[in-house]
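Reading the structure
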Amino acid sequence: MTTRVLVTGAGGPAGVAVIRSLLRRSDLTVFAADMDGWASGIYLVPPAQRRLVPPGRDDDFVPAIARMVAEDDLDLVISTVDVELIALAGRRDELAPAVLAAPSAETLHTALDKLALAERCAPTGLTPRTVLAGPDAEAVDWEFPVFAKPRQGAGSRGVRLVPDRAALEALPGDEGLIVQDFLPGEEYSVDVIADAAGAIVAAVPRTRARVDSGVAIAGRTVRDPELEETAASIARAIGLVGVANVQLRRDRTGRAVLLEVNPRFPGALPLTIAAGVDIPSLVADLFLGRELPVRIPFREIASVRFLEDVIVEIDDVLVSDHAGHQEEL
Ligand SMILES: Nc1ncnc2c1ncn2[C@@H]1O[C@H](COP(=O)(O)OP(=O)(O)O)[C@@H](O)[C@H]1O
Ligand SMILES: [Mg+2]
């Protein structure tokens, strides 16, 4: 008997990479789901294992996954989508007997709030000074420029360089912006996996040489103990169990400090997997209660990405209520 695993968010690069990784294991049966019938990763699995789910924000999302657990006899649920993770992690008991492969709701909430994250990680000494825009920010004796961004942002939306004090005072006070030391140096993404006790099994730094729609499509892994240790300290500070992507950037003195944590599978997973750390497979093992190796080494390697068309019979295209089938005007 195989272990039955559902992967949601099959339309995104992370979802595709997770599905591809898990399909290499003969002990797993992989179900692929998305809210959109046009999501490419759905078509990586056999027709009988393709599923549609409601949007993660929908009231019926968690109940729908729970029904799928019962009907498909699932053992493990893996989501690659932030909103879904938040919804599922708050109600993981409802998925029983399946296990949700995700960090605690507390870890997710901390990571997805850049102010809470900076405050939680401040004791590591590896964070830029970070405060709310408004009176808190105006009270600080900054070295300008400083950097402002939404407390709960993604994909670089709403980020801005603040050149001087006048611009700082002109920042809107009602948009949940945070103000932070400007980090002028190199930027790295570190893919981290922590075991059930929170011990770091691997931390793989990589560059994002080319980025498309917020996803790294070319880059290389970098062996650098400082980057690996910094990301590991951040992961420990937020109580990570499972996978997260820790973004670091060098400050004015050249030290790597925290930018943000994305508490989910990154879209650049194929590079990290090729470097030697098969994070989806390890996450599956972890949440199925299996022991992980203490430390997994990786090597320096690079990746580029191209598009690939998957041809599907018309009758095999799943038609979802929620998205993707109405021609936009
Ligand atoms: N303190 C900072 N100094 C310099 N650049 C920053 C700073 N914070 C963010 N950035 C830039 O903005 C981008 C997006 O910020 P990030 O914190 O990663 O949020 P998100 O990716 O969720 O939008 C970063 O990749 C980086 O280029
Ligand atoms: Mg980012």
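Here, every reference points to the structure presented above.
In this report, the structure presented in the accompanying data block is examined. (Residues numbered from 1 in each chain as written. Chains lettered and ligands numbered in written order. Predicted model: local features only at pLDDT ≥ 70, side-chain atom pairs only at ≥ 80, totals over all residues. Heavy atoms only, no water.)

Structural notes on the overall build of the protein chain
Short version of the rule: Secondary structure elements follow DSSP: runs of H or I no shorter than four residues count as helices, runs of E no shorter than two count as strands, and numbering proceeds from the N terminus. Radius of gyration: C-alpha atoms only; globule rule: 2.2 Å multiplied by the number of residues to the exponent 0.38. Buried, partly exposed and exposed residues are distinguished by accessible area as a fraction of the type maximum, computed with a 1.4 Å probe on protein chains only: under 20%, between the cut-offs, and over 50%, respectively.
A count of helices and strands for the protein chain gives ten helices and 16 strands. Since a compact globule built from 329 residues should have a radius of gyration of about 20 Å, the 20 Å found for the protein chain is in line with a globular shape. Dimensions of the protein chain along its principal axes, counting C-alpha atoms only, are 60 × 50 × 40 Å. The proportion of buried residues among the 329 residues of the protein chain is 50%.

Some words on the sheet that holds strand E10 (residues 187-194)
Condition: Any two strands with at least two DSSP bridges between them are considered paired. Where helices are involved, their axes are fitted lines through C-alpha atoms of the stretch in contact, as for all axes, and angles between N-to-C directions lie from 0 to 180°. Here, two residues are considered to be in contact whenever any of their heavy atoms come within 4.5 Å of each other.
The four strands lie next to each other as E11-E10-E14-E15, forming an open sheet whose pairing is antiparallel. At either end of the open sheet lies a strand with only one pairing partner, and these are strand E11 (200-206) and strand E15 (256-262). Each strand axis lies, on average, 25° off the axis of its neighbour in the sheet, ignoring direction. Across six bridges, the pairing between strand E14 (residues 242-250) and E15 is antiparallel. Across the sheet, residue Leu248 finds its bridge partner in E15, namely Leu258. Its contacts with the sheet put helix H8 (residues 225-237) on E10, E11, E14 and E15, and the angle it makes with E14 is roughly 125°.

Things to note about the packing of helix H2 (residues 61-72) against helix H3 (residues 82-89)
Worth spelling out the cut-off: Orientation categories follow fixed angle ranges, with anything under 35 degrees roughly parallel, anything over 145 roughly antiparallel, 65 to 115 roughly perpendicular, and all other angles oblique. Basically, the charged four are Asp, Glu, Lys and Arg, the nonpolar ten are Ala, Val, Leu, Ile, Met, Phe, Trp, Tyr, Cys and Pro, and anything else, Gly included, counts as polar.
For the pair H2 and H3, interaxial distance at closest approach is 9 Å and the crossing angle is 75°. Viewed along their axes, H2 and H3 adopt a mutual orientation that is roughly perpendicular. Listed contacts from H3 to Phe61, Val62 and Ile65 of H2 are Glu84, Ala87 and Leu88. Residues belonging to the contact of H2 with H3 are distributed by class as follows: five nonpolar, no polar and one charged.

Digging into the pattern of salt bridges
A side chain with one charge can pair with a side chain of the opposite charge if their charged atoms come near. The cut-off we apply is this: One side-chain nitrogen of Lys or Arg within 4 Å of one carboxyl oxygen of Asp or Glu is enough to make a salt bridge.
Taken as a whole and judged by the stated rule, the model has 21 salt bridges. Close ionic contact of Arg91 with Glu94 constitutes a salt bridge, the shortest N to O distance being 2.8 Å. Taking the relative accessible area as the measure of exposure, Glu94 reaches 39% and is therefore partly exposed. For the salt bridge of Arg290 with Asp285, the shortest nitrogen-to-oxygen distance reads 3.2 Å. With relative accessibility at 36%, the residue Arg290 sits in the partly exposed group. A relative accessible area of 17% places Asp285 in the buried class. Among the ionic contacts, a cluster of salt bridges with common partners joins Arg25, Asp27, Asp285 and Arg290.

Some thoughts on helix H5 (residues 114-121)
To keep things clear, this is the line we draw: Summarising the geometry, the arc corresponds to the directions from the helix axis toward the C-beta atoms. We define a polar contact as two N or O atoms separated by no more than 3.5 Å, with the added condition that, inside protein, one atom must be a possible hydrogen donor and the other a possible acceptor, whereas residues neighbouring each other in sequence contribute only through side-chain atom pairs.
Within H5, the full set of buried residues consists of Lys114, Leu115, Leu117, Ala118 and Cys121. The arc that holds every buried residue of H5, seen down its axis, measures 160°, which confines them to one face. Where H5 is buried, its residues meet helix H4 (105-111), strand E6 (130-132), strand E7 (146-150), strand E9 (177-181), H8 and E15. The N-capping residue of H5, defined by a side-chain oxygen 3.0 Å from the backbone nitrogen of Leu115, is Asp113.

A short note on the coordination of the magnesium ion (ligand 2)
Perfect tetrahedral coordination of a metal by four donors corresponds to 109.5 degrees between them, and perfect octahedral coordination by six donors corresponds to 90 or 180 degrees. Using the following cut-off: Atoms are scored as donors when they are N, O or S and lie within 2.8 Å of the metal, with 3.2 Å used for Na, K and Ca; no water is included, so coordination may look incomplete.
Looking at the metal site, the magnesium ion (ligand 2) is ligated by Gln247 (OE1) and Glu260 (OE), spaced 1.9 to 2.2 Å from it. One end of the pair, Gln247, is in strand E14; the other, Glu260, is in strand E15, with 13 residues separating them in the sequence. Each of the two residues, Gln247 as well as Glu260, counts as buried.

Here we look at the environment of Ala10
Summarising the element assignment, Ala10 is placed in the loop between strand E1 (3-8) and helix H1 (13-23). Looking at Ala10, the relative accessible area reads 0%, which means it is buried. Residues Ala10 and Ser40, spaced 30 residues apart in sequence, show a C-alpha to C-alpha distance of 6.7 Å. Ignoring anything within four residues of it in the chain, the contact list for Ala10 reads Gly15, Val16, Ile19, Ala32, Ala33, Asp34, Ala39, Ser40, Gly41 and Ile42.

Some details on the side chain of Thr207
By the element assignment, Thr207 lies in the loop between E11 and strand E12 (210-212). Leaving out residues up to four positions away in the same chain, Thr207 has contacts with Tyr188, Ala218, Gly219, Arg220 and Val222.

Considerations on the packing of aromatic side chains
Worth spelling out the cut-off: Under the pairing criterion, centres of Phe, Tyr and Trp rings, with the six-membered ring standing for Trp, must be within 6.5 Å; the plane angle then separates stacked pairs below 30 degrees from edge-to-face pairs above 60, leaving the rest tilted. Charge-over-ring placement is defined geometrically: NZ (Lys) or CZ (Arg) within 6 Å of the ring centre, and within 35 degrees of the ring normal.
Scanning the model with the defined rule gives zero aromatic pairs in all. We note Arg129 situated over the ring of Trp142; from NZ or CZ to the ring centre the distance is 5.0 Å.

Re the sheet that holds strand E16 (residues 302-303)
Strand pairing within a sheet occurs via backbone hydrogen bonds; the two strands may be parallel or antiparallel. Reading across the sheet, the three strands line up as E12-E13-E16 and stay open at both edges, with antiparallel pairing between neighbours. Only two strands of the sheet have a single neighbouring strand rather than two, namely E12 and E16.

Details of the pairing of E9
On a regular strand, each side chain points to the face opposite its neighbour's, so the side chains alternate between the two faces of the sheet. With five of five residues buried, E9 lies mostly within the body of the structure. Where E6 meets E9, three bridges bridge the pair, whose relative direction is antiparallel. Pairing of Val131 across the sheet is with Val179, part of E9. As paired elements, E7 and E9 share five bridges and run antiparallel to each other. If you follow Phe147 over to E9, its bridge partner there is Gln180.

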